Amino acid sequence: MIMGIRGLMSFVEDHSNEFFTDVKLRDTKIIIDGYALFHRLYFSSNLELRYGGDYDSFTDVVQKFFESLFACKICPYVVLDGGCDISDKKLNTLKDRAREKIQMAHSLSVGGGGYVCPLLIREVFIQVLTKLQVCFVQCFSEADRDIMTLANHWNCPVLSSDSDFCIFDLKSGFCPLNGFQWRNVNTIKGTRDRYIPAKCFFLDALCCHFGIMNKTLLPLFAVLCGNDHVNLPVMETFLSKVRLPLGAANSKGRRHHRVLGLLNWLSRFADPTEALDSVLNHLPKKRRGTVKELLCRSMEEYVQAQGRLQDFFQHGAYTCPDTWNPGLPPWVLAALARGQLSPFISDALVLRRTILHTQVENMHRPNAHRISLPIRQVIYGLLVNAPPHVRNVAWDALPPQPPTFSEVERINKNIKTSIVNAVELPKDHSDLSKLTELSLASRQMLLLETLKVKQSLLDPVPAALKLPVAVSCYWVQHAEATLKLHHLQALLLGMLLGPLRAMASSPEEKAVRGGGAETLYAELQRVKAPPGTRLDLDTAHVFCQWQCCLQMGLYLNQLLSTPLPEPDLTRLYSGSLVHGLCRQLLTSASVESLLRLCPEAQQLYEHLFSATRSCAPAELFLPKGKLNSKRRKQKKSGISWSENRVGTTLNARSWHEGSNPFELLMVETLENEEAPELK
């Protein structure tokens, strides 16, 4: 959710004719706030919000957006926020947003409204940028100042939804995303030149509206009005004592009392120093020093950044600003800038604190991220041995203690901070700066051991799907009792979407396959759950758990320099599809009937199913009646089903020789409801 300065964006939009200029954007560079863009594209494109992400549909929207820019010879440079800086000054804001997200996720889960981004949307967005060869960079912390500095260096506009860009003095202006008509590309009459209609905000227009107000007063306005960095109760004391002039008090003025009043009040002062002194005079003397220091520090968020993003885009080198750099190894800094490591990693490194984002899940169950805790503990184990400079920043002042990390997570419909121990790893993994020097075999072994899967199981699986299948093997071993066979089948069928799309577009499709891949691809699109369909919370929760496993599996794989190939996330999971497949598999369809049209897809599915089947607990394959009987026996003996299944794998001999993987023919040991043989 884009926050910025409270009430400012709606204020300037209400005065659109005064503050905005209509422009025809073409033949220019443009600096794009990546975080704002992927939120805007997902939420404004009528995409499903309850099923965990329709990443394939989102991918298509992102591609069309950039195709519109390319058609108008607009050269985009996307700048993404990084993690939190050392001060962690936005922690309270982030916690507030986490609480809001939980409430919206709950609302969506029970059929209400809300806006919750899918868990892997950032990773999908980055993959689309890479495929389209769109230049992008991931900043080391918040990106706003870097965006402003780069836009002014290149004298080009900024595209965002963040009202902070109404405060920055941008030479070529700020284009809000909601006025950027990229779906309405026009042609200049009498030419072939194409353009995107847009509205552009200029700071000069705002200052002129308030009597040629000094631009340098605007940062003080931002912190007084309330932004993501400052929300002091003592400011309410100032606002209650000062008489804010509203000017012409029309209906719009009453709606934006604080914004309009503060701007009118500040316009009386010659410079920020004079205005700040007046603010402090309205406060208790004992608070003035502390408040002044905080306000001055917050106002610095609106001055030019130290970093030079143009160096990264032109030469591939991005120097980390001294104010942020905690002495991380060069390979970590380079990977962060290229988006090859997530801000989750930098938060864990710099702050020893991470935030686990809530999905549309069952709020009565433990949060879905609990399932991936063992993976995160390994990640923390790799990060705990960071260089001394990093440790000094966050925790060297503390007495010696076991390596722990804090996680902000959902509990019921609120948040809590949990303390998590890092896993102690072998000595050859103890130096983060040399982690990339470990052999491929060592890095792959650590990844697969963490995911509890043997390399031999992945041998028949295509390279692009090895990591998702390995993650799925972990998932079936750790998921709650609500995981059913049709969930696994639907998930694996959904993984066929990308390969089928590639088959359908190949020259051999009709000649060799007779159009089977194209027909099956179209059938899977038809199966997608339509909007408004009732959400099965148990199904939603197990797929949320899978996405949590995949997210942390991806992050661990990236931290280990991808011992398994990074999967194509853009067509790997479609929430509408897997939920629709679950309904089909429970009612009329069978896996075999769906795949009969395309033998190649059926063979691929068999490889995926065989690998995950070998790691799945026996209970997943028991007929419903026998499963209930088994649970009753375990209940009498005091063993919970989830406790019994962890670490259990189903031996390949548990299946009749020559049996069809789509049939559930169980051997005698399972029919007698005895524990399966362990591998």
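Quantities reported herein were computed from a predicted structural model and do not represent experimental measurements.

Visitor: Explanation requested: the overall build of the chain in the structure shown.
Guide: When its secondary structure is counted, the chain shows 33 helices and 11 strands. Considering only residue pairs separated by 6 or more positions, the chain has 76% of its internal contacts joining residues 24 or more positions apart. A total of about 28,500 Å² of accessible surface is found on the chain, and carbon and sulfur atoms cover 50% of it.

Visitor: What is the right way to look at the packing of helix H9 (residues 218-225) against helix H14 (residues 285-299) in this model?
Guide: Helix-helix packing is described using two parameters, namely the angle between the two axes and the distance between the axes. At a minimum axis separation of 9 Å, H9 and H14 run at an interaxial angle of 120°. If you check the angle between H9 and H14, you find them oblique. Pair H9 / H14 crosses with right-handed handedness. Judged by residue contacts, Pro219, Leu220 and Val223 of H9 engage Leu295, Ser298 and Met299 from H14. The residue makeup of the contact of H9 with H14, split by class, is 5 nonpolar, 1 polar and no charged.

Visitor: Would you mind showing me how to read the packing of H9 against helix H12 (residues 257-266) here?
Guide: Viewed as axis vectors pointing N to C, H9 and H12 meet at an angle of 145°, and their least axial separation amounts to 10 Å. Crossing geometry of H9 relative to H12 is assigned as right-handed. Here Leu218, Leu220, Phe221, Leu224 and Cys225 of H9 lie close against H12, whose contacting residues are Arg258, Val259, Leu262, Leu263 and Leu266. Classifying every residue of the contact of H9 with H12 gives 9 nonpolar, no polar and 1 charged.

Visitor: Which parts of the structure should I look at to understand the pairing of strand E10 (residues 404-411)?
Guide: The two faces of the sheet receive side chains in turn, since in a regular strand these alternate between them. When you tally the buried positions in E10, you get 7 out of 8 residues, the bulk of the element. In this structure, E10 lies alongside strand E11 (residues 414-421), joined through 8 bridges in antiparallel fashion. Looking at the pairing, Thr404 lines up with Asn421 of E11. Linking E10 to E11, which pair antiparallel, is a turn of 2 residues; within it Asn412 sits at a positive phi near 55°.

Visitor: Before we go on, may I ask you to explain the side chain of Gln551 in this structure?
Guide: Looking at where Gln551 falls in the secondary structure, it is placed in helix H27 (residues 537-559). Under the relative-accessibility criterion, Gln551 is labelled buried at 6%. Sequence-distant contacts of Gln551, defined by excluding residues within four places in its chain, comprise Leu119, Leu120 and His369.

Visitor: Got a minute to help me understand the confidence of the model for the chain in this structure?
Guide: The predicted coordinates ought not to be read in detail in places where the model reports low pLDDT. Per-residue confidence for the chain averages 85 on the pLDDT scale, and 83% of its residues sit at or above 70. In the model, residues 637-679 has pLDDT below 50 throughout and makes 92 contacts with residues more than four positions away in sequence or in other chains.

Visitor: Explain the packing of aromatic side chains here, please?
Guide: How two aromatic rings sit relative to each other is set out by the distance from centre to centre and by the angle between their planes. Throughout the structure, instances matching the rule amount to 29 aromatic pairs. Considering the side-chain rings of Phe19 and Phe201, the 6.5 Å spacing of their centres and the 75° angle between planes classify their relative orientation as edge-to-face. With a gap of 182 residues between them, Phe19 in helix H2 (residues 16-19) and Phe201 in strand E8 (residues 194-201) connect regions that are remote in the sequence. Residue class for Phe19 comes out buried when judged on its relative accessible area of 1%. Using a relative accessible area of 1% as the deciding quantity, one classes Phe201 as buried. Aromatic pair Tyr605 and Phe609: ring centres 5.7 Å apart, planes at 15°, arrangement stacked. Of this pair, Tyr605 and Phe609 both sit in helix H30 (residues 599-613), 4 residues apart, which is roughly one turn of that helix. The buried category is assigned to Tyr605, whose relative accessible area is 0%. Looking at Lys29, its charged tip hangs above the ring of Trp154, at a distance of 4.0 Å from the centre. In this structure, Arg352 is placed above the aromatic ring of Phe405, and the distance from its NZ or CZ to the ring centre is 5.2 Å.

Visitor: Please explain helix H20 (residues 440-451) as it appears in this structure.
Guide: One turn of the α-helix equals 3.6 residues, which is why residues spaced by three or four share an orientation. Under the 1.5 Å per step criterion, the end-to-end length of H20 is 17 Å for 12 residues, consistent within 8% with the ideal 16 Å. The set of residues buried in H20 consists of Arg443, Gln444, Leu446, Leu447, Leu448, Thr450 and Leu451. Of the surrounding secondary structure, the elements contacted by the buried residues of H20 are helix H18 (373-383), helix H21 (455-458), helix H22 (466-478) and H27. One or two residues past the end of H20 sits Lys452, with phi positive at roughly 60°.

Visitor: Explanation requested: the sheet that holds strand E9 (residues 353-355) in the structure shown.
Guide: The pairing of strands in a sheet happens through backbone hydrogen bonds and is either parallel or antiparallel. Spatial strand order, E9-E10-E11: 3 strands in an open sheet with mixed pairing. Edge positions in the sheet fall to E9 and E11, since each has one partner strand and no second. Going across the sheet, the axis of each strand differs from the next one's by a mean of 25°, ignoring polarity.

Visitor: Got a minute to help me understand the pattern of salt bridges in this structure?
Guide: Where charged atoms from two side chains of opposite charge come close, those side chains can pair. Under the definition given, this model contains 16 salt bridges. In this structure, Asp568 and Lys131 form a salt bridge, with 2.8 Å as the shortest nitrogen-oxygen distance. Of this pair, Asp568 sits in the loop between H27 and helix H28 (575-587) while Lys131 sits in helix H6 (residues 121-131), and the two are 437 residues apart along the sequence. Taking the shortest distance from any N to any O, the salt bridge between Glu523 and Arg526 comes out at 2.6 Å. One end of the pair is Glu523 and the other is Arg526, both in helix H26 (residues 516-527) and 3 residues apart, which spans about a single turn. You can call Glu523 partly exposed: its relative accessible area is 23%. Under the relative-accessibility criterion, Arg526 is labelled exposed at 53%.

Visitor: Any chance you could explain the environment of Leu432 here in plain terms?
Guide: Along the chain, Leu432 turns up in the loop between E11 and H20. A sequence separation of 48 residues divides Leu432 from Val384, and the C-alpha atoms of the two residues are 8.4 Å apart.

Visitor: What exactly am I supposed to notice about the state of the cysteines here?
Guide: Between two cysteines, a covalent bond joining their sulfur atoms is known as a disulfide. Under the counting rule described, the total for this entry stands at 0 disulfides. Lacking any disulfide linkage, Cys473 is separated from the closest cysteine sulfur, that of Cys615, by 3.7 Å.

Visitor: Would you mind going over the nonpolar core with me for this structure?
Guide: Most often, soluble globular proteins keep nonpolar side chains buried together rather than apart. Ranked by size, the top nonpolar core spans 222 residues in total, and within it Phe66, Phe221 and Trp475 carry the most contacts. No other element matches H27, which puts 13 residues into this core. The residues touching Trp475, leaving out its near neighbours within four places in the chain, are Ile371, Leu483, His487, Leu488, Leu491, Val542, Phe543, Gln545, Trp546 and Cys549.

Visitor: Would you take a moment to explain unusual backbone geometry for this structure?
Guide: The phi torsion of most residues other than glycine is negative, and most of the peptide bonds are trans. Despite not being glycine, Asp27 has its phi angle at roughly 50°, a positive value. Turning to its location among the elements, Asp27 is positioned in the loop between strand E1 (20-25) and strand E2 (28-33). Although it is not a glycine, Arg352 adopts a positive phi angle of roughly 55°. By secondary structure assignment, the location of Arg352 is in the loop between helix H17 (343-351) and E9. By relative accessible area, which is 12% here, Arg352 ends up buried.

Conventions adopted
Residues numbered from 1 in each chain as written. Predicted model: local features only at pLDDT ≥ 70, side-chain atom pairs only at ≥ 80, totals over all residues. Heavy atoms only, no water. Helix = DSSP H or I, 4+ residues; strand = E, 2+ residues; numbered from the N terminus. Contact = heavy atoms within 4.5 Å. Areas by Shrake-Rupley, 256 points an atom, 1.4 Å probe, with all protein chains shown as cover. Axes fitted to C-alpha atoms, helices over the stretch in contact; angles between N-to-C directions. Parallel < 35°, antiparallel > 145°, perpendicular 65-115°, else oblique. Left-handed = near helix turned anticlockwise from the far one by under 90°. Nonpolar A, V, L, I, M, F, W, Y, C, P; charged D, E, K, R; others polar. Buried < 20%, exposed > 50% of the residue type's maximum accessible area, 1.4 Å probe, protein only. Pairing = 2+ DSSP bridges. pLDDT = per-residue confidence, 0-100. Phe/Tyr/Trp six-rings, centres within 6.5 Å; stacked < 30°, edge-to-face > 60°. Lys NZ or Arg CZ within 6 Å of the ring centre and 35° of its normal. Expected span 1.5 Å × (residues − 1). Salt bridge = Lys/Arg side-chain N within 4 Å of Asp/Glu carboxyl O. Disulfide = S-S within 2.5 Å. Core = buried A, V, L, I, M, F, W, Y, C linked by side-chain atoms within 4.5 Å.

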